[in-house]
Amino acid sequence: MRQSQQDQIVYHYCSLAAFKNIIENKCLWICDVQKSNDRAECDVLPEAIAAALDRRRPSRPDWPPAGTLADREYHRICELLHGSSQSFIPRRVYSISFSRRPDQLSQWRGYADNAAGMCIGFSSAYLQQLEAYGFTFQPICYTQAQLDDIVSHYADTITAYIDRLAAMPDAPQAPTSQEHLEICREGTDILADIQSRAPLFKKEDFSEENEYRLCFSAKHQAFAGDPVWMSTIDLAPQLQVNHSNLFSLGPLQFRTAAAGLQSYHELRFDAPGVCDHFIREIIIGPKSLVEIDDLYLFLHSCGFCAVDYEDTSFATLDIHIRKSELTYR
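Residues numbered from 1 in each chain as written. Predicted model: local features only at pLDDT ≥ 70, side-chain atom pairs only at ≥ 80, totals over all residues. Heavy atoms only, no water.

1. Considering unusual backbone geometry
Turning to step 1, where the next piece is worked out: Phi at Lys26 takes a positive value of approximately 50°, unusual for a residue other than glycine.
Turning to step 2, where the next piece is worked out: The topology assignment puts Lys26 in the loop between helix H1 (16-25) and strand E2 (27-32).
Turning to step 3, where the next piece is worked out: Its identity as a non-glycine residue notwithstanding, Asn210 has a phi of 50°, on the positive side.
Turning to step 4, where the next piece is worked out: Within the secondary structure, Asn210 sits in the loop between helix H8 (185-197) and strand E6 (211-219).
Turning to step 5, where the next piece is worked out: Relative accessible area serves as the criterion here: at 27%, Asn210 is assigned to the partly exposed category. (Helix = DSSP H or I, 4+ residues; strand = E, 2+ residues; numbered from the N terminus. Buried < 20%, exposed > 50% of the residue type's maximum accessible area, 1.4 Å probe, protein only.)

2. Description of the packing of aromatic side chains
Any two aromatic rings considered together are summarised by their centre-to-centre distance and by the angle between their planes.
Turning to step 1, where the next piece is worked out: Counted under the stated rule, the structure contains 14 aromatic pairs.
Turning to step 2, where the next piece is worked out: Note on Phe19 and Phe298: the rings are 6.2 Å apart at their centroids and 50° apart in plane angle, and the pair reads as tilted. In this pair, Phe19 sits in helix H1 while Phe298 sits in helix H11 (residues 292-301), placing the two residues 279 residues apart along the sequence.
Turning to step 3, where the next piece is worked out: A relative accessible area of 2% means that Phe19 is categorised as buried. (Phe/Tyr/Trp six-rings, centres within 6.5 Å; stacked < 30°, edge-to-face > 60°.)

3. So, the pattern of salt bridges
Turning to step 1, where the next piece is worked out: Counted by the stated rule, this structure contains 10 salt bridges.
Turning to step 2, where the next piece is worked out: Arg197 is paired through a salt bridge with Asp193; the nearest N and O atoms lie 3.7 Å apart. Here Arg197 pairs with Asp193, and both are found in helix H8, just 4 residues apart, close to one helical turn.
Turning to step 3, where the next piece is worked out: Look at Arg197 and you get partly exposed, because its relative accessible area is 37%.
Turning to step 4, where the next piece is worked out: Three or more residues are tied together by salt bridges with common partners; here these are Lys202, Glu211 and Arg213. (Salt bridge = Lys/Arg side-chain N within 4 Å of Asp/Glu carboxyl O.)

4. Structural notes on a nonpolar patch on the surface
Turning to step 1, where the next piece is worked out: On the surface, a nonpolar cluster with roughly 310 Å² of combined accessible area is contributed by Leu252, Phe254 and Leu261.
Turning to step 2, where the next piece is worked out: By the element assignment, Leu261 lies in strand E9 (residues 260-268).
Turning to step 3, where the next piece is worked out: Assessed through its relative accessible area of 60%, Leu261 is described here as exposed. (Patch = residues over 30% accessible without salt bridge, like charges linked within 9 Å, V, L, I, M, F, W, Y side chains within 5 Å. Areas by Shrake-Rupley, 256 points an atom, 1.4 Å probe, with all protein chains shown as cover.)

5. Looking at the environment of Phe269
Turning to step 1, where the next piece is worked out: With respect to the secondary-structure elements, Phe269 resides in the loop between E9 and helix H10 (275-278).
Turning to step 2, where the next piece is worked out: Exposure remark for Phe269: the relative accessible area of 0% places this residue in the buried category.
Turning to step 3, where the next piece is worked out: A C-alpha to C-alpha distance of 9.8 Å links Phe269 and Ile279, two positions 10 residues apart in sequence.
Turning to step 4, where the next piece is worked out: Not counting residues up to four positions away in its chain, the partners in contact with Phe269 are Ile22, Lys26, Cys27, Leu28, Leu246, Phe247, Val274, Cys275, Phe278, Ile279 and Phe304. (Contact = heavy atoms within 4.5 Å.)

6. Topic: H1
Turning to step 1, where the next piece is worked out: Among all positions in H1, only Phe19, Ile22 and Ile23 are buried. Looking straight down H1, one finds that the buried residues subtend no more than 90° of arc, so they occupy a single side.
Turning to step 2, where the next piece is worked out: Buried residues along H1 sit in contact with strand E1 (9-14), E2, strand E4 (118-123), strand E10 (279-284) and H11.
Turning to step 3, where the next piece is worked out: Following H1 by one or two positions, Lys26 adopts a phi angle in the positive range, close to 50°. (Arc of directions from axis to C-beta.)

7. Overview of the environment of Pro64
Turning to step 1, where the next piece is worked out: Following the sequence through the fold, Pro64 ends up in the loop between helix H2 (44-56) and helix H3 (69-82).
Turning to step 2, where the next piece is worked out: Assessed through its relative accessible area of 8%, Pro64 is described here as buried.
Turning to step 3, where the next piece is worked out: What Pro64 contacts, discounting residues up to four positions off in sequence, is Ala70, Asp71, Ile162 and Ala166.

Here it is as structure tokens:
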């Protein structure tokens, strides 16, 4: 099958153990993005928006007086943007990362057990179809120009929202938590949108990864802090994707990682006929001892490909298997 421009391959580097789990269970783990290896994860976009708002306010002589609902809501938003992005509201963003670059030494070193692991090439066309079920599948933005465009949009949106609050003739000056929740729901929605987009912006230091991310956000109830932001668990992404003919999304699970707990969901691609077309390529790491023949037999045992034992040839449909061309050892 010839690869079209719309059906490009994106690559997921992983350890041999993770590769075995992906193939055997026909699933990918969509993990809490805050537990990634970047300590500034999800901070680039909200901090840039907060800085833009700080620059705008001195130029507004008509700014709402101190202590009013509009002024306090502005400060609440800025404090949340300046602080930890995971504490905006009771949501968490789950993601899995891919790269457009196959057989890249830095990826092998960083994400595939120092090159003893595997690299799996997936069809981007299948991943793009998940956008109809509440997911986002986009490349990471690393440039300042891309960041400036979206920062300007959100700064305009927040400023307009604060102006609408200031224009409310009967806005309470000291609303209860419930009143604040109802009146300022628009601000919560803006923060939720920023939080869902935040994982798509990283510092230029990471640009060599040429990363794509598949993401979705979910609400959870067990967040500490102001009870006004408590919410029920939102199962919408899970219920929607389970109606797909390609994928299903499992319930929330936990694993231990880096001396902590990490939540994740399983994205299963075990629908009939999907796995042989969703996986397009497998590259064996330069330090891996996996043999190509053993890999074919493993795929066959997991239902991926046919094996003709009579002439000892292997048929793998659209899955191309090769060893890394790098000489790293």
